[in-house]
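Inside the fold
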Amino acid sequence: MAEETILKVLCGNHGSMEYERLLEISYGLKEVSAENSLDKIIRRSDIFTVVQRSESKEVFAQTTVGLCRRSECEELCGNLHLCKYELMTGRCCRQGCSYGHQLMSEHNVRILRAHGMMCLSREDLCVMFLQSDSGLLPPLCIAYNRSRGRRGSCPDGETCTRLHVCESFVRGRCGDTDCGRSHDFHEPQARKVLRSRGVSQQLMSSLPFIYRNILALKTQADRGNTDVQPHRSSDGESEICLSFVRGFCGTGTCVIVSGH
C-alpha cells in the first residue's frame, strides 16, 4: 500500500520530513501517481500528521496505537501486547516479565495490519511509537531548563529521572554561545535516565530527532484555535486540522484532511 511505503520512508528519516522533500521522493515511487497523489495518501490516513509552518510544512509519522500497559489483557485491546524492552532492544532480560515478547503474535499482527504498519521493521516501529506514546521516553526536565548552569535549577541534580538536556537545543533554536545546559544525549545523566527506560544504544542517534518531533507535535497541539486556518493542498483542495478530529490536538492547526 502507498501509505505503508510513505510511512517507511518517514520512519527511515527519524520520523519526519519536510513536505517538499517527501514530495520529491514520492515521484519515484510506483505506488504514487496523479490519481493517488501524496496529498491524497496523507489525507486519507491516520498515521500521518502534517504541521504547517509559516513558509513550509512537515510530515510526521504518528499513531494512536500504543503499547498496552496491562500485563494481562483481552484480545479486543487496540494496543500492542509487547514489552517495551523487547520493542526497543529486541530482547527483554527482566526475569519474570509478564508482558508480551512476540512482536509478530497474532494479536499484534492484526493491530499492525489494521493501522498500516505491517511493513515496518522493529527499528521503524521504535521511531513510530517513541514519538507517539508519551510514556515511553523520559520528558525533558523543566527545572533544569529554567536557569543557567550544568544543573540548572533542578534540586535533584544527577538523580533526576527527567532528561537534563537543553530544550532550546532540541527545538533547534539554541543560539546562546554561553548556554551552560547540556546539548548531548550521551552525557552521564541523560544516558542513565534513558537506559532506565530501556532505550538501546542503537536508538541514541535518533533521539535528538525524535525529541524534536515530540516537542513540535506537542507545541502544535497546545496552540489555541485562533491559529486554525484552512490550507490549500497542491491539488487545490482545502485542508483543515485533522489532529482536532482525531483527538490529538486540543484546538490545533496542523494535520491535513480534505475540507469539502
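An account of the accompanying structure is given in this report. (Residues numbered from 1 in each chain as written. Predicted model: local features only at pLDDT ≥ 70, side-chain atom pairs only at ≥ 80, totals over all residues. Heavy atoms only, no water.)

**Considering the packing of aromatic side chains**
Counted by the stated rule, this structure contains one aromatic pair. Just above the ring of Tyr19 sits the side chain of Lys57; from NZ or CZ to the centre is 4.2 Å. (Phe/Tyr/Trp six-rings, centres within 6.5 Å; stacked < 30°, edge-to-face > 60°. Lys NZ or Arg CZ within 6 Å of the ring centre and 35° of its normal.)

**Some words on helix 1 (residues 2-11)**
Across the ten residues of helix 1, eight count as buried, placing the element largely inside the fold. Of all the residues in helix 1, the buried ones are Ala2, Glu3, Glu4, Thr5, Ile6, Leu7, Leu10 and Cys11. Residues of helix 1 that are buried make contact with strand 1 (16-18), helix 2 (19-26), helix 3 (38-43), strand 2 (48-52), strand 3 (57-61) and helix 6 (122-130). (Buried < 20%, exposed > 50% of the residue type's maximum accessible area, 1.4 Å probe, protein only. Helix = DSSP H or I, 4+ residues; strand = E, 2+ residues; numbered from the N terminus. Contact = heavy atoms within 4.5 Å.)

**Quick word on the nonpolar core**
Judged by nonpolar contacts, the single largest core of 53 residues is most densely connected at Leu7, Phe48, Met117, Leu163, Phe185, Leu194 and Tyr211. Here the element with the most residues in this core is helix 6; it accounts for six residues. Phe185 has contacts with Leu163, Val165, Val170, Ala190, Arg191, Leu194, Met204, Leu207, Pro208 and Tyr211, leaving out every residue within four places of it along the chain. By size, the runner-up hydrophobic cluster in this structure holds five residues, among which are Cys141, Tyr144, Cys154 and Cys160. (Core = buried A, V, L, I, M, F, W, Y, C linked by side-chain atoms within 4.5 Å.)

**Observations regarding the packing of helix 1 against helix 6**
As a packed pair, helix 1 and helix 6 sit with axes 9 Å apart at the nearest point and diverge in direction by 80°. If you check the angle between helix 1 and helix 6, you find them roughly perpendicular. In contact with Leu7, Lys8 and Cys11 of helix 1, helix 6 contributes Asp124, Val127 and Met128. Of the residues assigned to the contact of helix 1 with helix 6, the class counts are four nonpolar, no polar and two charged. (Axes fitted to C-alpha atoms, helices over the stretch in contact; angles between N-to-C directions. Parallel < 35°, antiparallel > 145°, perpendicular 65-115°, else oblique. Nonpolar A, V, L, I, M, F, W, Y, C, P; charged D, E, K, R; others polar.)

**With respect to the packing of helix 1 against helix 2**
Taken N-terminus to C-terminus, the directions of helix 1 and helix 2 make an angle of 125°; their axes are 11 Å apart at the nearest point. By the angle between their axes, helix 1 is oblique relative to helix 2. Pair helix 1 / helix 2 crosses with right-handed handedness. Contact residues: Ile6, Val9 and Leu10 in helix 1; Leu22, Ile25 and Ser26 in helix 2. Taken together, the residues of the contact of helix 1 with helix 2 break down into five nonpolar, one polar and no charged. (Left-handed = near helix turned anticlockwise from the far one by under 90°.)

**Observations regarding the pairing of strand 2**
Within strand 2, four of the five residues are buried, which leaves the element mostly enclosed by the surrounding structure. The turn joining strand 2 and strand 3, which pair antiparallel and follow one another in sequence, is formed by four residues. (Pairing = 2+ DSSP bridges.)

**Overview of the pattern of salt bridges**
Applying the stated criterion to the full structure yields seven salt bridges. For Arg171, the salt bridge is made with Glu167, and the minimal N-O distance between the two is 3.0 Å. When its relative accessible area of 25% is taken as the criterion, Arg171 is described as partly exposed. (Salt bridge = Lys/Arg side-chain N within 4 Å of Asp/Glu carboxyl O.)

**Remarks on the side chain of Thr49**
Considering the arrangement of structural elements, one finds Thr49 in strand 2. The exposure class of Thr49 is buried, given its relative accessible area of 2%. Polar side-chain contacts of Thr49 include one of 2.6 Å to the side chain of Gln62. (Polar contact = N/O pair within 3.5 Å; in protein donor to acceptor, adjacent residues only side chain to side chain.)

**Describing helix 5 (residues 106-114)**
Helical periodicity: at 3.6 residues per turn, an α-helix aligns residues three or four positions apart in one direction. Three or more residues of helix 5 are buried, namely His107, Asn108, Val109, Ile111 and Leu112. In this fold, the buried residues of helix 5 make contact with helix 6. Looking one or two residues beyond helix 5, the residue adopting positive phi is Gly116, at roughly 70°.

**Let's talk about unusual backbone geometry**
Even without being glycine, His14 reaches a positive phi, approximately 65°. Here His14 falls in the partly exposed class, since its relative accessible area comes to 23%.

**Some remarks on the sheet that holds strand 3**
Here three strands make up an open sheet; going across it, the order is 1-3-2 and the pairing antiparallel. Unpaired on one side and paired on the other, strand 1 and strand 2 mark the two borders of the sheet. Sheet twist, expressed as the mean angle between neighbouring strand axes with direction ignored, is 20°. Note that strand 1 and strand 3 share three bridges and pair antiparallel. When the bridges of strand 3 are listed, Met17 appears paired with Val59. Its contacts with the sheet put helix 9 (residues 207-222) on strand 1, strand 2 and strand 3, and the angle it makes with strand 3 is roughly 110°.

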